[in-house]
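# Coordinate analysis (summary)
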Amino acid sequence: MSDVEGKILKIYDKSKPDGEHLFDSSNWNHLAWCIVVLLAGLAFWLAIALVNAENQRNALMTKQCADPIFKGEIDQQCLLTVHSREHWWQHLWYGMRHVRPEAPAPVARPH
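Now for a quick tour of the structure.

Conventions adopted
Per chain, residue numbering runs from 1 following the sequence as it is written. Per-residue local features are limited, in this predicted model, to residues with pLDDT of at least 70; the limit for side-chain atom pairs, both in listing and counting, is 80 or more; totals at the level of whole chains, interfaces and linings are taken over all residues. By convention in this description, side-chain values take in all heavy atoms of the structure and omit both hydrogens and water. Each residue is placed in one exposure class: buried if its accessible area under a 1.4 Å probe, protein chains only, is under 20% of its type's maximum, exposed if it is over 50%, and partly exposed if it falls in between. Going along the chain from the N terminus, every DSSP run of H or I of four or more residues is numbered as a helix, and every run of E of two or more is numbered as a strand. As used here, the arc belongs to the directions running from the helix axis to the C-beta atoms. Contacts between residues were defined by any pair of non-hydrogen atoms, one from each residue, lying within 4.5 Å. The criterion for a disulfide is a pair of cysteine sulfur atoms lying within 2.5 Å.

Among the residues making up helix α4 (residues 88–97), those that are buried are His91, Tyr94 and Gly95. Buried residues of α4 fall within an arc of 95 degrees about the axis and therefore sit on the same side. Exposed side chains of α4 directed beyond 90 degrees from the buried face belong to Trp93 and Met96. Buried positions along α4 lie against α2 (28–61).

The structure is reproduced here in structure tokens:
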């Protein structure tokens, strides 16, 4: 090998990848993605819970689950299977917009 070739190889020797640090990895990216997936799962679970709660609340407010035998009572089986609105997203939309309880309607008192 000539001196010129030796100088060229010495110049390009620094551009070779370092074998020691070639396969190093960091867990920070994995940790961040795990947190994102967990938070997305939590948001999905909370949305399902909100839809179910709003479905039952709306059924109770519109008296869709009144017990036919015992007047003034609630049919618990009906609450588990009732669909008080046409679509699940209507429950989600109503639940997301109404974060405070509604004020009760004024009761007319006889004079």
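Next up on the list: the state of the cysteines. Summed over the entire model, instances satisfying the criterion amount to one disulfide. A sulfur-sulfur distance of 2.2 Å marks the disulfide that ties Cys65 to Cys78. The disulfide joining Cys65 to Cys78 has a torsion of about -70 degrees about its S-S bond and is therefore left-handed. Here Cys65 is found in the loop between α2 and α3 (76–81), whereas its partner Cys78 is found in helix α3, with 13 residues between them in sequence.

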